[in-house]
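One-letter residues, chain by chain:
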Amino acid sequence: MSLLGNIFVDRDGPMFRHILNFLRSGKLLLPDDFREFALLEAEADFYQLSVLVECIRASLDEQKRRQEAEATRKATVTTSEEMEKSSASEKELGCYIDLIESNHPNGTFLTVVAPIDLLFTFPLRPDDRRQLEDLIGSAPSSRSGAATLLDEGYAELRRLAWPSRVMVGEHLRKCGSHLRHSSVSCHTDSDGYSETVLIGDKWFISELALTRVRMTAQSQRALPPGQLVGFIDWMPNGV
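Notes on the structure in this doc start here. Computed from a prediction, not measured in an experiment: that's the story for all the values here. (Residues numbered from 1 in each chain as written. Predicted model: local features only at pLDDT ≥ 70, side-chain atom pairs only at ≥ 80, totals over all residues. Heavy atoms only, no water.)

## Considerations on the overall build of the protein chain
- Counting its regular elements, the protein chain contains nine helices and seven strands.
- Split into buried and exposed, the 239 residues of the protein chain put 40% on the buried side.
- Across the protein chain, the fraction of contacts at a sequence separation of at least 24, relative to all contacts at a separation of at least 6, is 60%.
- Total accessible area on the protein chain stands at roughly 14,000 Å², and carbon and sulfur atoms take up 53% of it. (Helix = DSSP H or I, 4+ residues; strand = E, 2+ residues; numbered from the N terminus. Buried < 20%, exposed > 50% of the residue type's maximum accessible area, 1.4 Å probe, protein only. Contact = heavy atoms within 4.5 Å. Areas by Shrake-Rupley, 256 points an atom, 1.4 Å probe, with all protein chains shown as cover.)

## Section: the nonpolar core
- Core analysis: the largest hydrophobic core is formed by 30 residues, its most contacted members being Ile97, Val112, Leu118, Leu132 and Ile205.
- Ignoring sequence-local partners within four residues, the contact set of Leu132 consists of Ile116, Leu119, Phe120, Leu124, Ala147, Ala155 and Leu157.
- Of all hydrophobic cores here, the second largest spans 13 residues; its members include Leu30, Leu40, Val53 and Leu60. (Core = buried A, V, L, I, M, F, W, Y, C linked by side-chain atoms within 4.5 Å.)

## Details of the pairing of strand S1 (residues 94-104)
- For S1, a buried count of ten out of eleven residues is recorded, marking the element as mostly surrounded by other parts of the structure.
- Sheet topology note: the S1/strand S7 (residues 195-206) ladder contains ten bridges and is antiparallel. From the neighbouring strand, Leu99 faces S7, where its bridge partner is Asp201.
- In terms of strand pairing, S1 meets strand S2 (residues 107-115) through seven bridges, oriented antiparallel. (Pairing = 2+ DSSP bridges.)

## What to know about the pattern of salt bridges
- For the coordinates displayed, the defined rule picks out eleven salt bridges.
- Residue Glu43 is joined to Arg11 by a salt bridge in which the shortest nitrogen-to-oxygen separation is 2.9 Å. Here Arg11 lies in the segment before helix H1 (13-25) and Glu43 lies in helix H2 (residues 37-46), a separation of 32 residues in the sequence.
- Among the residues examined, Arg11 registers a relative accessible area of 33% and is labelled partly exposed.
- Between Glu170 and Arg173 there is a salt bridge; the shortest N-O distance is 2.6 Å. (Salt bridge = Lys/Arg side-chain N within 4 Å of Asp/Glu carboxyl O.)

## Let's talk about the sheet that holds strand S6 (residues 178-188)
- An order of S3-S4-S5-S2-S1-S7-S6 is seen for the seven strands of this open sheet, with the pairing classed as antiparallel. Since the sheet does not close on itself, it has two edges, and those belong to strand S3 (143-144) and S6, each with one partner.
- Inspection of the sheet shows S2 paired to strand S5 (residues 154-160) by five bridges, in the antiparallel sense. Within S5, the position partnered with Pro115 by the bridge is Tyr154.

## Things to note about helix H7 (residues 126-135)
- If you check which residues of H7 are buried, you get Asp128, Gln131, Leu132 and Leu135. For H7, the angular spread of buried residues about the axis comes to 95 degrees, placing them on one side.
- Of the surrounding elements, those touching the buried residues of H7 are helix H6 (116-119), S3, strand S4 (147-149) and S5.
- Count one or two residues on from H7 and you reach Gly137, which has phi positive near 85 degrees. (Arc of directions from axis to C-beta.)

## Some details on helix H8 (residues 165-174)
- Among the residues making up H8, those that are buried are Arg165, Met167, Val168, Gly169, His171 and Leu172.
- Positive phi appears at Gly176, one or two residues downstream of H8, with a value of about 100 degrees.

## Description of the environment of Thr216
- Here Thr216 is to be found in helix H9 (residues 207-219).
- When its relative accessible area of 11% is taken as the criterion, Thr216 is described as buried.
- Placed 41 residues apart in sequence, Thr216 and Cys175 show a C-alpha to C-alpha distance of 8.7 Å.

## Digging into a nonpolar patch on the surface
- A cluster of nonpolar residues, Ile7, Val9 and Phe46, forms a patch on the protein surface that exposes about 310 Å² of accessible area.
- With respect to the secondary-structure elements, Ile7 resides in the segment before H1.
- Among the residues examined, Ile7 registers a relative accessible area of 67% and is labelled exposed. (Patch = residues over 30% accessible without salt bridge, like charges linked within 9 Å, V, L, I, M, F, W, Y side chains within 5 Å.)

## A look at the packing of aromatic side chains
- With the rule as written, the count across this model stands at four aromatic pairs.
- With 5.7 Å between their ring centres and 55 degrees between their planes, Phe16 and Tyr47 make a pair best called tilted. Taken together, the residues Phe16 in helix H1 and Tyr47 in the loop between H2 and helix H3 (50-76) connect sequence positions 31 residues apart.
- Residue class for Phe16 comes out partly exposed when judged on its relative accessible area of 34%.
- In this structure Tyr47 comes out as partly exposed when scored by relative accessible area, which is 24%.
- The aromatic ring of Phe46 is capped on one face by Arg11, whose charged end is 4.0 Å from the ring centroid.
- Over the face of the ring belonging to Phe109 we find Arg159, whose NZ or CZ atom lies 4.0 Å from the ring centre. (Phe/Tyr/Trp six-rings, centres within 6.5 Å; stacked < 30°, edge-to-face > 60°. Lys NZ or Arg CZ within 6 Å of the ring centre and 35° of its normal.)

Here it is, written out as structure tokens:
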């Protein structure tokens, strides 16, 4: 306390602005480009504002989700010029499949966008396969866990720990599919330290390649390497 009776708090002045606004309105209002979540949480913890701490953490999670969604969208966008390179016959006699690999500090995960019947030919784990099965007969935009049903018979399956993008891509290539587009993007997470790298591949699968993929799936059951069904193990280099 000063000689004039003023109380001095030796804390971060700019951060106190957000704390004061929260105490006035009961809402955490931060700029869209706000990044100092760790510092703000430390200040809220110092003032013992547990509700504000929870709001800060929720806001950080939401910002991370938006950043990842935007980065995924950019990684899978194919320019109109590239689409024009695909012939009309290809569009009529085949389909496209998107593979998006997310490399996080806490692991690597794969998102696949493909016709739902084609997804069933992949070596999916039982839980992932069950989520797809729950979507059969549902309306577009329906969800089941990490699976979402899209338009025109397509589905999106997110956060696959297995198989990898390289493994699926090699399998598609050996079956006669063609890699049309590949992109890489990187963004720094809200903590300002860790980074997420997204690698997106767009494959075109002709009708002939689709037949090969389905025939392979019939003889080589969709299970991770080392889990045999009969006498055959699913391995892309064995196609």
